[in-house]
Amino acid sequence: MTALRPGALVEIEIPAAEGRRVVMRRISTLRCRAGGDYACLLTDPADGGLAAAILAQTDTGRWLCAAPPIPMHPPPPDTRRGRP
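The numbering scheme is per chain: residues are counted from 1 as the chain's sequence reads. Given that the model is predicted, a residue must reach a pLDDT of at least 70 before its local features are reported, and side-chain atom pairs must reach 80 or more before they are shown or counted; all residues, however, enter totals for whole chains, interfaces and linings. Processing note: side-chain calculations cover all non-hydrogen atoms of the structure and skip hydrogens and water entirely.

Peer 1: What am I meant to see in the pattern of salt bridges here?
Peer 2: Opposite charge on two side chains lets them pair, provided their charged atoms get close. Any carboxyl oxygen of Asp or Glu within 4 Å of a side-chain nitrogen of Lys or Arg constitutes a salt bridge here. Counting across every chain of the model gives five salt bridges. Across the pair arginine 62 and glutamate 11 runs a salt bridge whose closest N-O atoms are separated by 3.0 Å. Taken as a pair, arginine 62 in the loop between strand E4 (50-57) and strand E5 (63-65) and glutamate 11 in strand E1 (residues 9-16) lie far apart in primary sequence, 51 residues in all. Aspartate 44 is paired through a salt bridge with arginine 25; the nearest N and O atoms lie 3.6 Å apart. Taken together, the residues span a long stretch of sequence, with aspartate 44 in the loop between strand E3 (38-43) and E4 and arginine 25 in strand E2 (residues 19-32) at a distance of 19 residues. The pair aspartate 44 / arginine 25 is uniform in exposure class, with both members buried. One connected set of salt bridges, linked through shared partners, spans Glu11, Glu13, Arg20 and Arg62. Labels follow the DSSP assignment, with helices taken as runs of H or I lasting at least four residues and strands as runs of E lasting at least two, numbered in each case from the N terminus. Throughout, exposure labels follow a simple rule: accessible area from a 1.4 Å probe, protein chains only, divided by the maximum for the residue type, with under 20% read as buried, over 50% as exposed, and the rest as partly exposed.

Structure below.
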């Protein structure tokens, strides 16, 4: 089992339509919540995409995503930029 800490690359089980799939994600930020689960910002090492997720540890020591991660998209460009 990999400890959750910023910068760690961890294996996470994510709920999917066909059951669960296992992915590798880097922990960007982490906050411990009541009940032993963690609110995390995850980075996909392949494309740098960010997602927010709640992770909990299973009885076997694996990390499980409580629900599918929520993708974090950059804000749209400000079209007013440069205007007085």
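From this point on, the discussion continues.
Peer 1: What should I look at first to understand the side chain of threonine 43 in this one?
Peer 2: As for its placement among the helices and strands, threonine 43 is situated in strand E3. A distance of 2.4 Å separates polar atoms of two side chains, one belonging to threonine 43 and the other to serine 28. The contact criterion used is simple: two residues touch if any of their non-hydrogen atoms lie within 4.5 Å. Discounting chain neighbours no more than four positions away, the residues touching threonine 43 are Arg25, Arg26, Ser28, Gly48, Gly49 and Leu50. Any N or O atom pair separated by 3.5 Å or less is treated as a polar contact, with the protein-specific requirement of one donor-capable and one acceptor-capable atom, and with residues adjacent in sequence counted only for side-chain atom pairs.

Coordinates in, geometry out; function isn't part of it.
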